[in-house]
Amino acid sequence: MLNGKRILLIVSGGIAAYKSLELVRRLRGRGASVRCVLTGAGARFVTPLSLQALSEDRVYSDMFSLTDESEMGHIQLSRDADLLVVAPATANLLARMAAGMADDLAATVLLATDKPVLAAPAMNVRMWTHAATAANVETLRKRGVAFVGPNEGAMACNEFGPGRMAEPDEIVAAIETMLVPRQRPLAGKRAVVTSGPTREAIDPVRYISNHSSGKQGHAIAAALAKLGADVTLVSGPVALADPPGLRTVKVESAEEMLRASLAAGNVDIAVCAAAVADWKVVHPAAGKMKKKAGAPPPQIELAPNPDILATLSRPGPQRPALVVGFAAETENLVANAIEKRQRKGCDWIVANDVSPSTGTFGGERNTVHLISASGVEDWPTLAKEDVALRLAARIALHFSGPPKAEAAE
Ligand code: PMT
């Protein structure tokens with residue numbers, strides 16, 4: 001809940017501005033008060049009247065309004081809130097924020113504030129992936145601006161890709177993460193989580209990979225961060241937004257994933273949820289392999305990839321106190337997972353059935369069994385986020401001490 005929290009919502013000019021109306025409703029429903037700043041371009045998409053009616057407060061637009069200034073100066077406006085939320089954050093406004101401009105009320109308030117800022121970008125996919133926007137976002141991140149989204153999907157401009165504004169519920173969740181002091185039992189703990197597939201190059205345009213979406217691994221990283229852990233997420237190529245409140249390192253191959261996982265340094269917790277390719281191509285071709293008429297298909301020689309989970313589980317001073325692996329099986333699920341836990345040397349293994357009929361790969365739900373030295377726990381079918389929250393809570397419990405069964409491990 002956000003009871004008593006004051007949000008200054010800055011609505012700039014993008015088609016996603018319609019979702020900001022719903023955002024105001026959701027925030028108010030959770031007990032927050034919302035005051036809105038609407039840019040000139042924003043007012044082309046939503047009216048001040050709608051925002052005023054939903055927020056039950058006046059809407060600020062004009063930097064040179066004598067009435068506004070006498071009622072609430074723009075400096076006070078920028079500080080009389082617990083959090084500034086920019087939704088939608090257009091490419092233009094992000095660029096002006098990065099450049100420190102103060103050429104309208106929204107930019108001025110953002111420059112003058114001493115409060116945390118959360119931005120929900122929304123723009124055409126090419127604008128989002130443009131080097132200029134990437135550099136602006138990087139600059140803002142370094143200055144402490146938090147981001148939620150953008151998400152990938154079909155866009156109003158008939159293109160597809162990252163650029164859709166995060167949904168109101170996702171923005172509310174990000175706001176709650178920033179504003180609501182939670183129980184943070186993993187504060188002071190460091191974690192590395194691997195997620196998503198790897199890609200092993202055959203040539204510059206072809207690769208070996210699998211159907212992992214990263215949903216399960218990303219949810220675990222977010223759940224650990226929610227409980228206060230300092231998390232590095234090492235992600236293969238996925239179509240998901242980087243979860244807020246943690247560090248995401250993007251990799252392609254298993255070797256890169258291993259290097260990034262080790263580079264995360266001394267961690268207390270490692271969770272290997274990535275679907276790492278077991279084999280890599282020994283000699284990836286430098287140029288695109290050509291199909292020649294009448295010639296047999298090329299022979300692709302494979303070699304084993306390094307095993308990240310087994311490497312992290314190796315005994316020694318660097319070993320995380322708790323290493324959790326996953327076992328993706330299509331038969332003899334629990335028996336194979338028990339054997340895998342011992343062979344790889346991890347402490348716990350989360351077994352999931354990845355037969356196509358289960359929809360585990362890429363789907364929204366998962367049915368898992370948590371296997372440790374003390375036995376096997378069968379969990380009900382849950383949303384991947386709930387599997388993640390439950391696993392993170394178990395990890396927190398492991399570190400906070402008591403459970404006798406675990407102490408026996
Ligand atoms: O990404 P989603 O679409 O949400 O799907 C989630 C998932 C099914 C990918 C996930 O829940 C899962 O099961 N991840 C592990 C997939 C896997 O590679 O399982 P495995 O049984 O082949 O490997 C066992 C363990 O060794 C895993 O922890 C894996 O990360 C690790 N491994 C495997 C090979 C390798 N070279 N290095 C590794 O670290």
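The model shown is predicted, which means the values in this text are computed figures rather than measured ones.

A. Spotlight on the nonpolar core. Within the largest apolar cluster, 56 residues are counted, with the highest numbers of intra-cluster contacts made by Ile-7, Leu-9, Ile-10, Val-85, Val-86, Ala-87 and Ala-120. Here this core takes 6 residues from strand E4 (residues 83–89), the largest share from any one element. One finds Ala-191, Leu-233, Ala-264 and Ala-328 within the second-largest nonpolar core, a separate group that totals 55 residues.

B. Layout of the domain arrangement of the protein. By domain assignment, the protein separates into domain 1 (6–179) and domain 2 (190–400). Computed over C-alpha atoms, the centres of domain 1 and domain 2 are 35 Å apart. Opposite the 9 residues of domain 1 that make contact, domain 2 presents 5 residues. Of all the elements in the fold, those that place two or more residues in the side of domain 1 that touches domain 2 are strand E6 (146–147), strand E7 (151–154) and helix H9 (168–179). Residue classes in the side of domain 1 that touches domain 2 are distributed as 5 nonpolar, 3 polar and 1 charged.

C. A look at the sheet that holds strand E2 (residues 33–38). The strand order across the open sheet formed by 6 strands is E3-E2-E1-E4-E5-E6, and the pairing between neighbours is parallel. Each end of this open sheet is capped by a strand with a single partner; those strands are strand E3 (59–60) and E6. One ladder, built from 4 bridges, connects strand E1 (residues 6–11) with E4; its direction is parallel. What sits directly across from Leu-8, in E4, is Leu-84. With respect to the sheet, helix H1 (residues 17–29) is in contact with E1, E2 and E4, its orientation differing from that of E1 by roughly 175°. Each of E1, E2 and E3 is contacted by helix H2 (residues 48–55), which is oriented at about 170° to E2, the strand it contacts most.

D. The sheet that holds strand E18 (residues 348–353), seen in detail. Spatially, 8 strands are ordered E13-E12-E9-E14-E17-E18-E20-E21 in an open sheet, and the strand pairing comes out mixed. At either end of the open sheet lies a strand with only one pairing partner, and these are strand E13 (247–250) and strand E21 (375–378). Ignoring which end each strand starts from, the neighbouring axes of this sheet average 15° apart. When strand E17 (residues 322–329) meets E18, the two strands line up parallel, connected through 6 bridges. Paired with Phe-326 across the strands is Val-350, a residue of E18.

Rules used in this analysis
- Residues numbered from 1 in each chain as written.
- Predicted model: local features only at pLDDT ≥ 70, side-chain atom pairs only at ≥ 80, totals over all residues.
- Core = buried A, V, L, I, M, F, W, Y, C linked by C-beta atoms within 7 Å.
- Buried ≥ 20, exposed ≤ 12 C-beta atoms within 10 Å, placed from the backbone.
- Helix = DSSP H or I, 4+ residues; strand = E, 2+ residues; numbered from the N terminus.
- Domains from an automatic or database assignment.
- Contact = placed C-beta atoms within 7 Å.
- Nonpolar A, V, L, I, M, F, W, Y, C, P; charged D, E, K, R; others polar.
- Pairing = 2+ DSSP bridges.
- Axes fitted to C-alpha atoms, helices over the stretch in contact; angles between N-to-C directions.

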